[in-house]
Amino acid sequence: MAKEVTAIYPGSFDPVTNGHVDIIGRSQGIFDRVIVAVLVNIEKTPFFTTDERLEMLREVTGKWDNVQIETFQGLLVNYAVAQKAKVILRGIRAVTDYEYEFQMALMNRRMQPGIETVFMVPAEEYTYLSSRLVKEIFLLGGSVEGIVPSVVEDFLNKKKKKTG
Ligand code: PNS
């Protein structure tokens, strides 16, 4: 019997961008199960709460049956083992991402040699995108249309109304 391959796609997703959605869409066509794992980092205060990030991710990935949205804390490799995942999936956009991603991949392999990091490249139009820039552009009054899903735009607008 063929083995089922589960991939973990970890990140902050603060917020999810069209680049993330592009990677999730591509990966669910390759792996049997993709777990999008939102890091709950108690030291950092994110822009969106964990629940908000989960809700946005669930909304944009609802069309894919083999995609699950979860949270994790602590070491990613421990979470991957607990989920019986063989793959850690990371999107890579430009050369500048490479050093950090390379370090993490090798450290994760050192801790868990049985888990492979797989890098995927998003569609060309999303290679310059990042959650940090999305927040900055939005907060400074720029348009984020076409670079985040519409549910994220709605959440951003709601947050802006609340915080003024
Ligand atoms: O979207 P991000 O913020 O670039 O994702 C970074 C993430 C969540 C993949 C990374 O910070 C992580 O894996 N954190 C969990 C703690 C951990 O395992 N650290 C050791 C990495 S070698």
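Here's a quick rundown of the structure. Computed from a predicted structure; not experimentally measured.

Closest axis-to-axis distance for the helix α5 (residues 131–139)/helix α6 (residues 150–163) pair is 11 Å, and the angle between their directions is 50°. Here α6 runs oblique to α5, going by the angle between their axes. Like other packed secondary-structure pairs, α5 and α6 cross with a definite hand, here right-handed. Across the interface between the two elements, Val134, Phe138 and Leu139 from α5 touch Leu156, Asn157 and Lys160 from α6. Residue composition of the contact of α5 with α6, by class: four nonpolar, one polar and one charged.

Here five bridges tie strand β4 (residues 87–91) to strand β5 (residues 116–120), and the two strands are oriented parallel to one another. Across the sheet, Leu89 pairs through a bridge with Val118, a residue of β5. Handedness of the crossover joining β4 and β5 through helix α4 (residues 95–111): right-handed.

The rules behind the values
Residues numbered from 1 in each chain as written. Predicted model: local features only at pLDDT ≥ 70, side-chain atom pairs only at ≥ 80, totals over all residues. Heavy atoms only, no water. Axes fitted to C-alpha atoms, helices over the stretch in contact; angles between N-to-C directions. Helix = DSSP H or I, 4+ residues; strand = E, 2+ residues; numbered from the N terminus. Parallel < 35°, antiparallel > 145°, perpendicular 65-115°, else oblique. Left-handed = near helix turned anticlockwise from the far one by under 90°. Contact = heavy atoms within 4.5 Å. Nonpolar A, V, L, I, M, F, W, Y, C, P; charged D, E, K, R; others polar. Pairing = 2+ DSSP bridges. Right-handed = clockwise from strand over helix to strand, strands pointing away.

Spatial relationships are all this shows, so hold off on functional conclusions.
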